[in-house]
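Residues per chain are reported as follows:
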Amino acid sequence: VTLAEMARARGKAAGAVTTTRLTHATPAATYAHAALREWEGDADMPAAARAAGCADIARQLVEAPARTRLNVAMGGGRSRFTPVASGGKRADGRDLTREWAQGPRAAYVADAAALAALRPGRMDHVLGLFDAEHLPDVEDRPSTVPSLADMTTKAIDLLSADRDGYFLMVEGGKIDHLNHANQARGALAETVDFAEAVKAALAKVDLRDTLVIVTADHSHGLTISGYAARGTPILGLAGGEAGAGQGGRWQGLHHARLRHGPRRSQGRGAPP
Ligand SMILES: [Zn+2]
């Protein structure tokens, strides 16, 4: 049983918000039960698993009984919900976005304007998919894609309509992806975006009755190195500063202030 399902079983609302595909590891852990995290859509599964009756992760989100289904689900990954015929990746021909929206008091939105137009209290189930795959990096994000803070505040507004309270999981999932790719600047930009979402959430909730937990699911070896002088840009070079530590031993040697540690194994079964 997932945390979100436990909340739903107690009459509370529940939601998941991410910058990755909604079917990716962390958001999926709030609503799906699968033998393999890669089974995001039906085309990602072996025929034997489909024949044995296993449902892909996208289907599990949409087919959950209304009683336990997430009330808010936002992120990327539209391709796992829509059929090949309409540009998606589903092999079974189903359009799960349409199936979701056909439920009572349900809505599906695909861009920032439609998300902003949603009125809390009118819907019990909101699905927002803003890219076919992971959402674009913060640095390349078009205005049609909501920021993590936009999604988070809207999710809180929607979930707060339930008087019994709610559970919400918010993931800044691309901090990890860009660290895996050794892209320090992009990882920092995603971290700032995540911090803005935390700030926006804290401004919305009442900490007397709301527990906010901010954590990482695993870490990366991004380190600040060298003896840079005060005020040196974090993305610039360190070294060679007159009067720096080590008695000037490093003078003339320049190296990046930020450095990634060894990359984690990317073998099968250990994707980002
Ligand atoms: Zn990772």
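Residues numbered from 1 in each chain as written. Predicted model: local features only at pLDDT ≥ 70, side-chain atom pairs only at ≥ 80, totals over all residues. Heavy atoms only, no water.

### Some words on the side chain of Thr19
Rules: Only DSSP runs of H or I covering at least 4 residues are called helices, and only runs of E covering at least 2 are called strands; the numbering of each starts at the N terminus. What qualifies as a polar contact is a pair of N or O atoms within 3.5 Å, subject to a donor-acceptor requirement within protein and to the restriction that residues adjacent in sequence count only when both atoms come from side chains. Two residues qualify as a contact provided that any one of their heavy atoms is within 4.5 Å of a heavy atom in the partner residue.
Position of Thr19 relative to the elements: it lies in strand β1 (residues 13–21). Within the structure, the side chain of Thr19 is placed 3.5 Å from the backbone nitrogen of Lys174, a separation counted as a polar contact. Dropping the residues within four chain positions of it, Thr19 is found in contact with His134, Leu135, Leu148, Glu171, Gly172, Gly173 and Lys174.

### Here we look at a nonpolar patch on the surface
Cut-off, in case you're wondering: Surface patches are defined over residues having more than 30% relative accessible area and no salt bridge, joining like charges when they lie within 9 Å and nonpolar side chains (Val, Leu, Ile, Met, Phe, Trp, Tyr) when within 5 Å. Residue exposure ignores everything except the shown protein chains as possible cover, and the areas themselves are Shrake-Rupley values with a 1.4 Å probe. The salt bridge definition used is simple: a Lys or Arg side-chain nitrogen within 4 Å of an Asp or Glu carboxyl oxygen.
A contiguous nonpolar patch, built from Leu202, Leu207, Val212 and Val214 and spanning about 330 Å² of accessible area, is present on the exposed surface. Following the sequence through the fold, Leu207 ends up in the loop between α9 (184–204) and β6 (222–224).

### Here's the deal with the coordination of the zinc ion
Our working rule: For Na, K and Ca the donor cutoff is 3.2 Å, while for all other metals N, O and S atoms count as donors only within 2.8 Å; water does not appear among the atoms, so some sites may look incomplete. Key to geometry: four donors with every angle between 85 and 135 degrees are tetrahedral; four donors are square planar and six octahedral where opposite donors lie over 155 degrees apart and all remaining angles lie between 65 and 115; all other sites are irregular. Burial here depends on accessible area, computed with a 1.4 Å probe over protein chains only, as a share of the maximum for the residue type. Under 20% is buried, over 50% is exposed, and the range in between is partly exposed.
Listed as protein donors to the zinc ion are Asp176 (OD), Asp176 (OD), His180 (NE2) and His218 (NE2); their distances from the metal cover 2.1 to 2.4 Å. Around the zinc ion sit 4 donor atoms, and with donor-metal-donor angles ranging over 57 to 131° the site reads as irregular. Taken in sequence order, the residues that donate to the zinc ion follow the motif D-x3-H-x37-H. Taken as a pair, Asp176 and His180 lie in helix α8 (residues 174–180) at a separation of 4 residues, close to a single helical turn. In this structure His180 comes out as buried when scored by relative accessible area, which is 2%.

### As for unusual backbone geometry
Despite not being glycine, Arg105 shows a phi value in the positive range, around 50°. Mapping Arg105 onto the fold places it in the loop between α5 (96–101) and β3 (106–109). In this structure Arg105 comes out as partly exposed when scored by relative accessible area, which is 42%.

### What to know about the sheet that holds β3
Short version of the rule: A pair of strands is considered paired only if DSSP assigns at least 2 bridges between the two. Helix axes are fitted only over the stretch in contact, all axes being lines through C-alpha atoms; the angle between N-to-C directions runs from 0 to 180 degrees.
Pairing in this open sheet of 5 strands is parallel, and the strands run β3-β4-β2-β1-β5 from one edge to the other. Two strands lie at the open edges of the sheet, namely β3 and β5 (166–171), each paired on one side alone. Pairwise comparison of adjacent strand axes, ignoring direction, gives a mean angle of 5° for this sheet. This element, helix α7 (residues 148–159), spans β1, β2 (72–76), β4 (125–129) and β5 of the sheet and lies at about 170° to β5.

### Section: the packing of aromatic side chains
Here is the rule we go by: Here a pair means two rings of Phe, Tyr or Trp (six-membered ring of Trp) with centres within 6.5 Å. Their orientation is stacked below 30 degrees between planes, edge-to-face above 60, and tilted elsewhere. In our convention, an over-ring charge means Lys NZ or Arg CZ found within 6 Å of a ring centre and within 35 degrees of that ring's normal.
Applying the stated criterion to the full structure yields 0 aromatic pairs. Note that Arg69 overlies the ring of Trp100, its terminal NZ or CZ placed 6.0 Å from the centroid.

### So, the pattern of salt bridges
In the structure shown here, the tally under the stated rule is 16 salt bridges. Salt-bridge contacts for Asp44 lead to Arg80; the nearest nitrogen and oxygen are separated by 3.0 Å. In this pair, Asp44 is assigned in the loop between α2 (25–28) and α3 (47–51) and Arg80 in the loop between β2 and α5, connecting sequence segments 36 residues apart. When the shortest N-O distance is used, the salt bridge between Arg80 and Glu133 registers 3.1 Å. With Arg80 in the loop between β2 and α5 and Glu133 in the loop between β4 and α7, this pair connects stretches of sequence that are 53 residues apart. Under the relative-accessibility criterion, Arg80 is labelled buried at 8%. Taking the relative accessible area as the measure of exposure, Glu133 reaches 23% and is therefore partly exposed.

### Focus: the confidence of the model for the chain
As a reminder, the rule being used: Per-residue confidence from the predictor is reported as pLDDT, which spans 0 to 100.
Chain-level statistics for the chain give a pLDDT mean of 90 and a share of 89% at 70 or above. Ignoring residues within four places in sequence, the model shows residues 265–269, a span with pLDDT below 50, making 7 contacts including any to other chains.

### Notes on the nonpolar core
As a reminder of what qualifies: Take the buried residues of types Ala, Val, Leu, Ile, Met, Phe, Trp, Tyr and Cys, join any two whose side-chain atoms come within 4.5 Å, and each joined set is a nonpolar core.
Met74, Leu115, Leu118, Phe130 and Met151 are the most contacted members of the largest nonpolar core, which has 22 residues in total. Take this core: its biggest share by element is 6 residues, from α7. Once you skip the residues sitting within four places of it in the chain, Leu115 turns out to touch Met74, Val109, Phe130, Pro146, Asp150, Met151 and Lys154. Among the nonpolar cores identified, the runner-up in size contains 20 residues, and Ala28, Tyr31, Phe81 and Ala106 belong to it.

### Observations concerning the packing of α7 against α9
Any two packed helices are characterised by the angle at which their axes cross and by the distance between the axes. This is how it is decided: Angles below 35 degrees are treated as roughly parallel, those above 145 as roughly antiparallel, those between 65 and 115 as roughly perpendicular, and all remaining angles as oblique. Working rule for handedness: look at the near helix, and if it is turned counterclockwise from the far one by less than a right angle, call the crossing left-handed; if clockwise, right-handed.
At their nearest, the axes of α7 and α9 sit 8 Å apart, and the two run at 25° to each other. Viewed along their axes, α7 and α9 adopt a mutual orientation that is roughly parallel. Two packed elements cross with a definite hand, and for α7 against α9 that hand is right-handed. Along the contact surface, α7 presents Leu148, Ala149, Thr152, Thr153, Ile156 and Asp157, while α9 presents Asp193, Phe194, Glu196, Ala197, Ala200, Ala201 and Lys204.

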